[in-house]
Amino acid sequence: QHTVIAITGAPINATLNDQPIPLWQAIDVKAGSILKMGTANTTGARCYLAIQGGLDVPLYLGSRSTFTLGQFGGHAGRTLRVGDVLHINPCQGLSTRVADTKIIPQFSHDWQIGVLYGPHGAPYFFTNDDIKHFFATEWEVHYNSSRTGVRLLGPKPTWARTDGGEAGLH
C-alpha cells in the first residue's frame, strides 16, 4: 500500500526514510515509511502536510481539522502525541504533480500586510497618536503567536482610557 503526500509552506528540511525530499511536489510514500519534518529554516512560520485521500478522522462541523483551543475535531480534539496512529482514507490513482513555481510564495523576514481598522480603535481604546504610531511602526511577530491570534512586539500605546471598559482589559 502507498499514498501520495506533499509538503508546502515555509521552507523546512524533510526526509522520507532518511532521504531528503523536495517541498511543493507530490511524493509517493509506501506503507511503513518514516517521514521526518523539521522546523521552519529561516523564514516563514508554518508548513503543511497534504495527504492524498486525507486522514481518516471523524467529520466535525463539516471538517476533519482539529481546533485545539476548543478541543474538538481531528484526532481526539488535541495535538498529536508520540504513539498516536493516524489512518489514511483510501484514494483512487496517484498524483505525481509538481507545483508551478508561480504559485510558490517567496518567503522573507519582512512582510507588508493589510490591516482593517476595527470598531474599538480611536478614540474608544486608542488615541489618534496611537493609531498613527501603529501604522508607521515595523512590528515583530511574537513567538507565542498562532493561527488564532498574532501577538506583536512594538511600542506600547498610551491608551485613550485608564480602564479596559466592558472586558476589564485593554
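What counts, and where the lines are drawn
- In every chain, residue numbers begin from 1 and rise along the written sequence.
- Two thresholds apply to this predicted model, a pLDDT of at least 70 for residue-level local features and 80 or more for giving and counting side-chain atom pairs, whereas whole-chain, interface and lining totals are computed over all residues.
- To obtain the side-chain values, all non-hydrogen atoms of the structure were included, while hydrogens and water were left out.
- A patch is a set of surface residues, each over 30% in relative accessible area and not in a salt bridge, joined within 9 Å for like charges and within 5 Å for the nonpolar side chains Val, Leu, Ile, Met, Phe, Trp and Tyr.
- Per-residue accessibility takes into account occlusion by the displayed protein chains alone, with areas from the Shrake-Rupley method and a 1.4 Å probe.
- The working definition used for a salt bridge is a side-chain nitrogen of Lys or Arg within 4 Å of a carboxyl oxygen of Asp or Glu.
- Helix and strand labels come from DSSP, where a helix needs a run of H or I of at least four residues and a strand needs a run of E of at least two; each type is numbered from the N terminus.
- Think of it in three bands: residues with accessible area under 20% of the maximum for their type are buried, residues over 50% are exposed, and the middle band is partly exposed, with areas taken using a 1.4 Å probe on protein chains only.
- When DSSP finds at least two bridges between two strands, those strands are taken to pair.
- An axis is simply a line fitted to the C-alpha atoms; with a helix, the fit covers only the stretch in contact. Between two such axes, the angle follows the N-to-C directions and lies from 0 to 180 degrees.
- Side-chain atoms within 4.5 Å link the members of a nonpolar core, which is a set of buried Ala, Val, Leu, Ile, Met, Phe, Trp, Tyr and Cys residues.
- The contact definition used throughout considers only heavy atoms, calling two residues in contact when any of these lie within 4.5 Å.
- The charge count treats Lys and Arg as positive and Asp and Glu as negative. His and the chain ends do not count.
- The pairing test for Phe, Tyr and Trp rings, Trp by its six-membered ring, is centres within 6.5 Å, and the orientation test on the planes gives stacked under 30 degrees, edge-to-face over 60, and tilted for anything in between.

*Asks:* When you look at a nonpolar patch on the surface in this model, what are you seeing that I'm missing?
*Replies:* Taken together, the side chains of W111, I113, V115, Y117 and F135 present a nonpolar region at the surface, about 580 Å² in accessible area. As for its position among the elements, F135 is in helix α1 (residues 128–136). Exposure remark for F135: the relative accessible area of 47% places this residue in the partly exposed category.

*Asks:* Sorry if this is basic, but what is going on with the sheet that holds strand β1 (residues 2–9) here?
*Replies:* Paired through their backbone hydrogen bonds, the strands of a sheet run either parallel or antiparallel. Reading across from one edge, β4-β1-β6 is the order of the three strands in this open sheet, with antiparallel pairing throughout. The open sheet is flanked by β4 (27–30) and β6 (47–51), the only strands paired with a single partner. Shown here is a sheet whose adjacent strand axes are inclined to one another by a mean of 35°, direction ignored. In terms of strand pairing, β1 meets β4 through four bridges, oriented antiparallel. When the sheet's bridge partners are listed, V4 is paired in β4 with D28.

*Asks:* Help me understand the nonpolar core in this model?
*Replies:* The nonpolar side chains of soluble globular proteins are, as a tendency, buried together. Counting residues in hydrophobic clusters, the biggest one holds eight residues: I5, I7, I12, A14, L16, I21, I27 and V29. Counting only elements with at least two residues in this core, the list comes to β1, β2 (14–16) and β4. Setting aside chain neighbours within four positions, we find L16 in contact with I21, I27, D28, V29, S33, I34 and L35.

*Asks:* How should the sheet that holds strand β5 (residues 35–37) be read in this particular structure?
*Replies:* One open sheet accounts for three strands, arranged β3-β2-β5; its pairing is antiparallel. Two strands close off the open sheet at either side, each with one partner strand: β3 (19–20) and β5.

*Asks:* Could you clarify how one ought to interpret the pattern of salt bridges in this entry?
*Replies:* Taken as a whole and assessed by the stated rule, the structure comprises two salt bridges. Salt-bridge contacts for D18 lead to K36; the nearest nitrogen and oxygen are separated by 3.6 Å. Note that D18 is positioned in the loop between β2 and β3 and K36 in strand β5, a separation of 18 residues in sequence. According to the relative accessible area criterion, D18 is exposed, its value standing at 58%. The class for K36 is partly exposed, based on a relative accessible area of 46%. Here R78 and D84 are joined by a salt bridge, their closest N and O atoms 2.9 Å apart. On the accessibility criterion, D84 (25% relative accessible area) is partly exposed.

*Asks:* It is not clear to me how the side chain of D130 should be interpreted in this structure. Could you clarify?
*Replies:* For D130, the location among the structural elements is in helix α1. No salt bridge is formed by the buried D130. Its closest oppositely charged neighbour is K132, at 11 Å. Setting aside chain neighbours within four positions, we find D130 in contact with P157, T158 and W159.

*Asks:* What exactly am I supposed to notice about the packing of aromatic side chains here?
*Replies:* The geometry of an aromatic ring pair is captured by the separation of the ring centres together with the interplanar angle, meaning the angle of the planes. Counted according to the given criterion, the structure contains six aromatic pairs. On the basis of an interplanar angle of 20° and a centroid distance of 5.2 Å, the ring pair of F126 and W159 is categorised as stacked. With F126 in the loop between β8 (72–73) and α1 and W159 in the segment after β10 (152–153), this pair connects stretches of sequence that are 33 residues apart. Through a chain of ring-to-ring contacts, the aromatic side chains of Y60, F67 and F72 assemble into a single cluster.

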